[in-house]
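# Summary of the model geometry
Chain residues, written in single-letter form:
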Amino acid sequence: MSVTSATAFAPASVGNVGIGFDILGHTFPALGDRVRARRSAAAGVRITAIGGVVRDLPLEAAQNTAGMAVQALLEAVQPGFGVELEIEKGIPLGSGLGGSAASAVAGVVAANALLPEPRPALELLRYAMRGEAVASGAVHVDNIAPSLFGGLVLTVGIDNPRIKQIPVPPMIRCVLVHPRMFLGTREARGILNRSVDLADVVWQTANLAGFLAGCYTSDLAMIRDAFEDVMIEPQRARLIPGFAEVKRAAMDRGALGCSISGAGPSVFAWCEEAQASAIAAAMAQAFAGEGLESDQWVAAIEAVGARVEETS
Ligand code: HSE
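So, a few notes on the structure that sits alongside this text. Please read these numbers as outputs of a predicted model, since none were measured by experiment.

### A few points about the overall build of the protein chain
When its secondary structure is counted, the protein chain shows 10 helices and 11 strands. With respect to the principal axes defined by its C-alpha atoms, the protein chain has extents near 60 × 40 × 40 Å. Out of the 312 residues belonging to the protein chain, those deemed buried represent 55%. Accessible surface for the protein chain amounts to roughly 12900 Å². Of this, 52% is attributable to carbon and sulfur atoms. Taken together, the 24 basic and 31 acidic charged side chains of the protein chain have centroids lying 4 Å from each other.

The following block contains the structure:
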């Protein structure tokens, strides 16, 4: 019997993870977006409702990350039916938590479940990338890949992306603090210098390699020493009021590393479980010192990505 309706959930994500600009990201399962896809006789994609923590998003499919991603899927597979989407946003807009990617991923995963022959996840990644580009004006995969596949994910290549799920030592927790302000990805990308000092490239390359090696070998000292973004964080820090104080608050309480989540303004820290709640409280207090209220979450980084929750 054919599936006429499917609901999918896609988790939030921490893009870049500090040292892997545009190529590394990890899921943050405490938050996510949900999309319900329904077969319709009319061709194409129609967005019928947007609810949850963000409502003011374009209903025009080509302007909406989920709409565009599903449109790309339908154009490729020509299933002979159209799709209606209902989007339930759990991720705040302009938060640096991968909300546009999660909607795109949840959209394609839900629509894929309607197909008589669902497409493999690596193919869905490309359609979701088309959706993500609508929001950020650039193709980057560091939120889409973890949201789709789950865990800490490295993506190599854009035209033929290769995905690698990196093991995360099980004692690691991610503390995420979202100051209640909006920061657009376009703006945060727009301020970045186009050229980078060679010494910084060497340092960043060593840190990324050291970070990944530390993850593979559960070497927390290596992860801590390598957890320093010398290329992007210094340029974006000024967009986030109190960033230096927030980072210091986390590091002083034993974080392994602390940086900007995606394009910001959320800030994340990696730490061991025992330190997590004190680090979250200290980071929130540092934002409060700047007059910014914030929300905080703590989660493990498990290799669980987007999934279909319901079909009928
Ligand atoms: N890698 C992207 C950036 C993530 O930092 O601009 C945006 O969500």
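From this point on, the discussion continues.
### Details of the environment of Ile19
In this fold, Ile19 is placed in the loop between strand E1 (5–15) and strand E2 (24–40). For Ile19, a relative accessible area of 3% corresponds to the buried category. Contacts of Ile19, omitting those with residues within four sequence positions, involve Leu24, Gln204, Asn207, Leu208, Phe211, Ala226, Glu228 and Asp229.

### A closer look at the pairing of strand E4 (residues 82–89)
Of all 8 residues that make up E4, 6 are buried, and the element is covered over most of its length. Two strands pair when backbone bridges link them, and E2 and E4 are joined in this way by 7 bridges, in the antiparallel orientation. Note on E4: the bridge partner recorded for Ala37 is Leu85.

### Some points on the pattern of salt bridges
Under the defined criterion, the tally for this structure stands at 13 salt bridges. Here Lys247 and Glu228 are joined by a salt bridge, their closest N and O atoms 3.6 Å apart. Within this pair, whereas Lys247 is found in helix H9 (residues 243–252), its partner Glu228 is found in the loop between helix H7 (220–226) and helix H8 (233–236), the two being separated by 19 residues in sequence. For Glu228, a relative accessible area of 31% gives the class partly exposed. Taking the shortest distance from any N to any O, the salt bridge between Lys247 and Glu233 comes out at 2.9 Å. Residue Lys247 is located in helix H9, and its partner Glu233 is located in helix H8; the two are separated by 14 residues in the primary sequence. By the burial criterion, Lys247 is buried, and Glu233 matches it. One continuous salt-bridge network, built from bridges that share partners, spans Arg38, Arg46, Glu84 and Glu86.

### Some thoughts on the site of the ligand
Taken together, Asn16, Phe21, Asp22, His140, Asp142, Asn143, Thr185, Arg189, Arg236, Gly262 and Ala263 are the residues near the ligand. Here Asp22 contributes a side-chain N or O atom positioned 2.5 Å from a nitrogen atom of the ligand. Within the side chain of Asn143, a nitrogen or oxygen atom sits 2.9 Å from an oxygen atom of the ligand. Protein contact buries 97% of the 260 Å² of open area that the ligand shows by itself.

### Things to note about the nonpolar core
Counting 71 residues, the largest nonpolar core has Leu24, Leu85, Leu152, Phe211 and Trp270 as its most contacted members. By residue number, the principal contributor to this core is helix H2 (residues 99–112), which donates 9 residues. Here this core spans two domains, and each of domain 1 (5–165 + 302–311) and domain 2 (172–300) adds at least three residues to it. Every residue in contact with Leu152, bar those within four places of it in the chain, is listed here: Val17, Leu24, Gly25, His26, Lys164, Gln165, Ile166, Val168, Phe211, Cys215, Trp270 and Ile301. Core analysis: the next-biggest nonpolar cluster, separate from the first, contains 25 residues, Val175, Ala188, Val246 and Ala280 among them.

### Observations regarding the packing of helix H1 (residues 65–77) against helix H3 (residues 121–136)
The relative placement of two packed helices comes down to the angle between their axes together with the axis-to-axis distance. It is at 7 Å that the axes of H1 and H3 come closest, and there the two elements cross at 140°. Classified by the interaxial angle, the pair formed by H1 and H3 is oblique. Here the hand of the crossing between H1 and H3 comes out right-handed. Across from Thr65, Met68, Ala69, Ala72, Leu73, Glu75 and Ala76 in H1, the residues of H3 making contact are Leu124, Tyr127, Ala128, Arg130, Gly131, Val134 and Ala135. Of the residues in the contact of H1 with H3, the class split is 10 nonpolar, 2 polar and 2 charged.

### Remarks on the environment of Met231
With respect to the element layout, Met231 can be found in the loop between H7 and H8. The spatial distance from the C-alpha of Met231 to the C-alpha of Leu192 is 9.4 Å, given a sequence separation of 39 residues. Residues contacting Met231, with those up to four places away along its chain left out, are Val196, Asp200, Val201 and Gln204.

### A closer look at the pairing of strand E9 (residues 267–272)
Most of E9 is tucked away, with 5 of its 6 residues classed as buried. With 6 bridges joining them, strand E7 (residues 172–179) and E9 adopt antiparallel strand pairing. Following the sheet pairing, Ile172 is matched in E9 by Glu272.

### Observations regarding the packing of aromatic side chains
If you walk through the whole model with that rule in mind, you get 4 aromatic pairs. Between Phe211 and Trp270, the ring centres sit 5.1 Å apart and the planes meet at 45°, which makes this aromatic pair tilted. One end of the pair, Phe211, is in helix H6 (residues 198–217); the other, Trp270, is in strand E9, with 59 residues separating them in the sequence. For the ring pair Phe227 and Trp270, a centre distance of 5.6 Å and an interplane angle of 75° mean the geometry is edge-to-face. You can see Phe227 sitting in the loop between H7 and H8 and its partner Trp270 sitting in strand E9, a full 43 residues away along the chain. Take Trp270: its relative accessible area is 0%, and that puts it in the buried class. One aromatic cluster is present, built from ring pairs that chain together Phe211, Phe227, Phe268 and Trp270.

The rules we used
- Residues numbered from 1 in each chain as written.
- Predicted model: local features only at pLDDT ≥ 70, side-chain atom pairs only at ≥ 80, totals over all residues.
- Heavy atoms only, no water.
- Helix = DSSP H or I, 4+ residues; strand = E, 2+ residues; numbered from the N terminus.
- Buried < 20%, exposed > 50% of the residue type's maximum accessible area, 1.4 Å probe, protein only.
- Areas by Shrake-Rupley, 256 points an atom, 1.4 Å probe, with all protein chains shown as cover.
- Lys, Arg positive; Asp, Glu negative; His and termini not counted.
- Charge placed at Lys NZ, Arg CZ, Asp CG, Glu CD.
- Contact = heavy atoms within 4.5 Å.
- Pairing = 2+ DSSP bridges.
- Salt bridge = Lys/Arg side-chain N within 4 Å of Asp/Glu carboxyl O.
- Near = heavy atom within 4 Å.
- Polar contact = N/O pair within 3.5 Å; in protein donor to acceptor, adjacent residues only side chain to side chain.
- Core = buried A, V, L, I, M, F, W, Y, C linked by side-chain atoms within 4.5 Å.
- Domains from an automatic or database assignment.
- Axes fitted to C-alpha atoms, helices over the stretch in contact; angles between N-to-C directions.
- Parallel < 35°, antiparallel > 145°, perpendicular 65-115°, else oblique.
- Left-handed = near helix turned anticlockwise from the far one by under 90°.
- Nonpolar A, V, L, I, M, F, W, Y, C, P; charged D, E, K, R; others polar.
- Phe/Tyr/Trp six-rings, centres within 6.5 Å; stacked < 30°, edge-to-face > 60°.

Function cannot be read off these values alone, since they describe shape.
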